[in-house]
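One-letter residues, chain by chain:
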Amino acid sequence: KAGVTQTPRYLIKTRGQQVTLSCSPISGHRSVSWYQQTPGQGLQFLFEYFSETQRNKGNFPGRFSGRQFSNSRSEMNVSTLELGDSALYLCASSLGLAGGAGELFFGEGSRLTVL
Amino acid sequence: GQSLEQPSEVTAVEGAIVQINCTYQTSGFYGLSWYQQHDGGAPTFLSYNALDGLEETGRFSSFLSRSDSYGYLLLQELQMKDSASYFCAVAAGNTPLVFGKGTRLSVIA
């Protein structure tokens with residue numbers, strides 16, 4: 001069974017640009033969550049999608065957005081990039097809502113560097 | 001809101017036992033999870049405790065005390081490959097998993 005797949009794995013952007021990251025969850029998983037990971041800050045929750053609906057949103061500015069498609073694949077977009085957006089963006093999938101059973105399956109992440 | 005506290009770094013000797021503590025503050029608590037993340041890798045699920053007590057899975061065990069809002073991860077017979085970051089995470093209410101900032105474990109010879 002294939003795991004969670006995130007693309008691209010690495011990317012470099014400049015301030016002011018926008019970026020779109022993609023996540024394909026494990027087959028059959030309907031919940032996709034996104035987290036931002038920076039050194040020393042752990043994993044900060046961005047959004048959670050379930051059956052194409054955003055169920056939860058973290059405390060991030062409106063420049064961060066996402067969506068989920070009917071096949072459960074998800075994308076997140078960051079517009080008007082800032083230096084502080086440099087981070088590892090992790091996608092995780094689960095069968096039901098992420099908080100329910102405590103088990104998330106993470107992808108390898110997309111490492112974004114903003115210059 | 002929710003908050004979790006865990007030590008930032010722990011160092012232990014190969015073959016020894018190490019305990020990583022986690023205290024949390026939350027409402028509508030469901031359970032406490034633990035994840036392992038090697039440098040450059042994805043976080044991987046280790047355990048989930050919804051009830052008080054100790055859960056054992058091989059060399060790893062996890063403990064929860066709901067009344068004390070406290071849990072820990074116990075790693076026995078430490079191996080060099082156990083060097084990684086360990087995160088506790090709280091499941092509560094209708095909110096997504098909230099993670100602690102992680103404990104970096106260094107296993108030395």
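Let me sum up the structure you'll find in this document. As the structure is a prediction and not an experimental result, all values here were calculated from the model.

## Quick look at the sheet that holds strand 3 (residues 19-24) of chain A
Residues and elements named next belong to chain A. Ordered in space as 1-3-8-7, the four strands form an open sheet in which the pairing is antiparallel. Of all strands in the sheet, those with a lone pairing partner are strand 1 (5-7) and strand 7 (64-68), marking the two edges. Strand-to-strand, the axes of this sheet are offset by a mean angle of 15°, without reference to chain direction. Pairing between strand 3 and strand 8 (residues 74-78): five bridges, direction antiparallel. Each residue of the ladder has a partner; that of Leu 21, found in strand 8, is Met 76.

## Considering the side chain of A:Ser93
Residues and elements named next belong to chain A. The topology assignment puts Ser 93 in strand 9 (residues 87-94). Look at Ser 93 and you get buried, because its relative accessible area is 0%. A polar side-chain atom of Ser 93 sits 3.4 Å from the main-chain amide nitrogen of Ile 26. A polar contact is formed between the side chain of Ser 93 and the side chain of His 29, at a distance of 2.8 Å.

## Quick notes on unusual backbone geometry
Residue and element names in this part refer to chain A. A cis amide bond links Thr 7 to the next residue, Pro 8, at an omega of -10°. With a phi angle near 70°, Glu 52 is a residue other than glycine that sits in the positive phi range. Looking at where Glu 52 falls in the secondary structure, it is placed in the loop between strand 5 (42-50) and strand 6 (53-57). Positive phi outside glycine occurs at Ser 72, with the angle close to 75°. With respect to the helices and strands, the residue Ser 72 is situated in the loop between strand 7 and strand 8. The exposure class of Ser 72 is buried, given its relative accessible area of 13%.

## Overview of the state of the cysteines
A complete count under the given rule lists two disulfides over all chains for this structure. The disulfide bridge from A:Cys23 ends at A:Cys91, spanning 1.8 Å between sulfur atoms. An S-S torsion of about -60° defines the bridge between A:Cys23 and A:Cys91 as left-handed. Residue A:Cys23 is found in strand 3, and its partner A:Cys91 is found in strand 9; the two are separated by 68 residues along the sequence. With respect to class, A:Cys23 is no different from A:Cys91; both count as buried. A sulfur-sulfur distance of 2.2 Å marks the disulfide that ties B:Cys22 to B:Cys88. Linking B:Cys22 and B:Cys88, the disulfide has an S-S dihedral of approximately 75° and is accordingly described as right-handed. Of the two residues, B:Cys22 is situated in strand 3 (residues 18-25) and B:Cys88 in strand 9 (residues 84-92); the sequence distance between them amounts to 66 residues. Residue class for B:Cys88 comes out buried when judged on its relative accessible area of 0%.

## Thoughts on the packing of aromatic side chains
Taken as a whole, this structure holds 13 aromatic pairs over all chains when the rule is applied. With 4.6 Å between their ring centres and 10° between their planes, B:Tyr24 and B:Phe29 make a pair best called stacked. Neither residue differs from the other here; B:Tyr24 and B:Phe29 are each classed as buried. On the basis of an interplanar angle of 20° and a centroid distance of 4.9 Å, the ring pair of B:Phe63 and B:Tyr72 is categorised as stacked. Relative accessible area serves as the criterion here: at 23%, B:Phe63 is assigned to the partly exposed category. Taken together, the aromatic side chains of A:Tyr35, A:Phe45, A:Phe106, B:Tyr35, B:Phe45 and B:Phe99 make up a single cluster linked through ring pairs.

Cut-offs used in this document
Residues numbered from 1 in each chain as written. Chains lettered and ligands numbered in written order. Predicted model: local features only at pLDDT ≥ 70, side-chain atom pairs only at ≥ 80, totals over all residues. Heavy atoms only, no water. Pairing = 2+ DSSP bridges. Helix = DSSP H or I, 4+ residues; strand = E, 2+ residues; numbered from the N terminus. Axes fitted to C-alpha atoms, helices over the stretch in contact; angles between N-to-C directions. Buried < 20%, exposed > 50% of the residue type's maximum accessible area, 1.4 Å probe, protein only. Polar contact = N/O pair within 3.5 Å; in protein donor to acceptor, adjacent residues only side chain to side chain. Disulfide = S-S within 2.5 Å. Phe/Tyr/Trp six-rings, centres within 6.5 Å; stacked < 30°, edge-to-face > 60°.

Any functional reading would require information that these geometric values do not contain.
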